[in-house]
Amino acid sequence: MMNIILLGPPGSGKGTQAALLSGKLNAPHISTGDILRRAAGTELGNRAAEYMNRGELVPDSVLIEMIRDRLLQADCAKAFILDGYPRTIPQADALADILRKLDRGLDLVLNIDVPDAELITRLSARRVCKCGATYHLTFNPPENEGVCDLCGKRLYHRDDDREESIRNRLSVYKKQTQPLIDYYGDRGVLVTVDGCGSIEQIAVEICAAVEA
Ligand code: AP5
Ligand code: MG
Ligand code: ZN
């Protein structure tokens, strides 16, 4: 049984590594950002997009309800990999409460550490697919330009991957999310991995932490 959180600034590789780990552990990859983007066109999606495009966090109440619903679904019964949740102390407290009621705990919080300059390089040339796949024009290009390897759909540039939103996301991360490093450190579940190597190297480090 493995209940895992991937923590890290925007562009640190949470989505990339969560997808790999999800395949290895056969555990669902739950990205709150992907859930919100897939809600485009609904009331929730439109409301969330206003915050997301500016690089602000969507209100805690929305996210807490969303993650509670998601974790109660059958595929999460044995394990889950959270990517992008929690992002605030109230979200972390709410998660602890949800898990306590389910008589479960957290096994591991992986903190992916990457310096700001590298984050900006990664995000400005990222391309993503509606199916959840993530690419980079230089570091992880698709086989055919502009098209997803997995599902064949056209890749797109996220609205929040523009210089101004990126800078705001980084500052929001430092103010609101970085305190979770100490929060989980104090609870003895935190492992920090150096997020600067290749995608494969980091995947190896993460596997070692999961198996430890
Ligand atoms: P979300 O979608 O979670 O965005 P994020 O946290 O800003 O993180 P990213 O998805 O940008 O980065 P990542 O760490 O997944 O990196 P990736 O693997 O893609 O959230 C978006 C928005 O939704 C938030 O701003 C907020 O508004 C809202 N939201 C979501 N959850 C919320 C919550 N809990 N509370 C409130 N609001 C919430 O990699 C980045 C790029 O680098 C890719 O191009 C990739 O190919 C490349 N790359 C990855 N690893 C490497 C490597 N080792 N070397 C070189 N390139 C690499
Ligand atoms: Mg992501
Ligand atoms: Zn795809």
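Presented here is an overview of the structure given in this document. None of the values given here were measured: they were computed from a predicted structure.

Rules behind the numbers
Residues numbered from 1 in each chain as written. Chains lettered and ligands numbered in written order. Predicted model: local features only at pLDDT ≥ 70, side-chain atom pairs only at ≥ 80, totals over all residues. Heavy atoms only, no water. Near = heavy atom within 4 Å. Polar contact = N/O pair within 3.5 Å; in protein donor to acceptor, adjacent residues only side chain to side chain. Areas by Shrake-Rupley, 256 points an atom, 1.4 Å probe, with all protein chains shown as cover. Nonpolar A, V, L, I, M, F, W, Y, C, P; charged D, E, K, R; others polar. Helix = DSSP H or I, 4+ residues; strand = E, 2+ residues; numbered from the N terminus. Buried < 20%, exposed > 50% of the residue type's maximum accessible area, 1.4 Å probe, protein only. Contact = heavy atoms within 4.5 Å.

## Some thoughts on the site of ligand 1
Then comes step 1: Around ligand 1 sit 35 residues, and of these Thr16, Glu56, Arg87, Arg126 and Arg169 come closest.
Then comes step 2: Within the backbone of Glu56, a nitrogen or oxygen atom sits 2.6 Å from an oxygen atom of ligand 1.
Then comes step 3: A distance of 2.6 Å is found between an oxygen atom of ligand 1 and a side-chain nitrogen or oxygen belonging to Arg126.
Then comes step 4: Compared with its free state, where it exposes 1000 Å², ligand 1 has 97% of that area covered by protein.
Then comes step 5: Here the residues of the shell around ligand 1 sort into 13 nonpolar, 13 polar and 9 charged.

## Examining the side chain of Arg70
Then comes step 1: In this structure, Arg70 sits in helix α4 (residues 60–71).
Then comes step 2: Take Arg70: its relative accessible area is 16%, and that puts it in the buried class.
Then comes step 3: Discounting chain neighbours no more than four positions away, the residues touching Arg70 are Pro28, Ile30, Ile35, Asp75 and Cys76.

## Section: unusual backbone geometry
Then comes step 1: The omega torsion across Tyr85 and Pro86 is -5°, close enough to zero to call that bond cis.
Then comes step 2: Structurally, Pro86 can be placed in the loop between β3 (79–83) and α5 (89–101).
Then comes step 3: The backbone of Asn26 shows a phi angle near 55°, a positive value even though the residue is not glycine.
Then comes step 4: Along the chain, Asn26 falls in the loop between α1 (14–25) and β2 (29–31).
Then comes step 5: Of note in this structure, Asp103 is not a glycine but carries a positive phi near 60°.
Then comes step 6: Residue placement: Asp103 occurs in the loop between α5 and β4 (108–113).
Then comes step 7: On the basis of relative accessibility, which here comes to 72%, the residue Asp103 falls in the exposed class.

On their own, these measurements won't tell you what the molecule is for.
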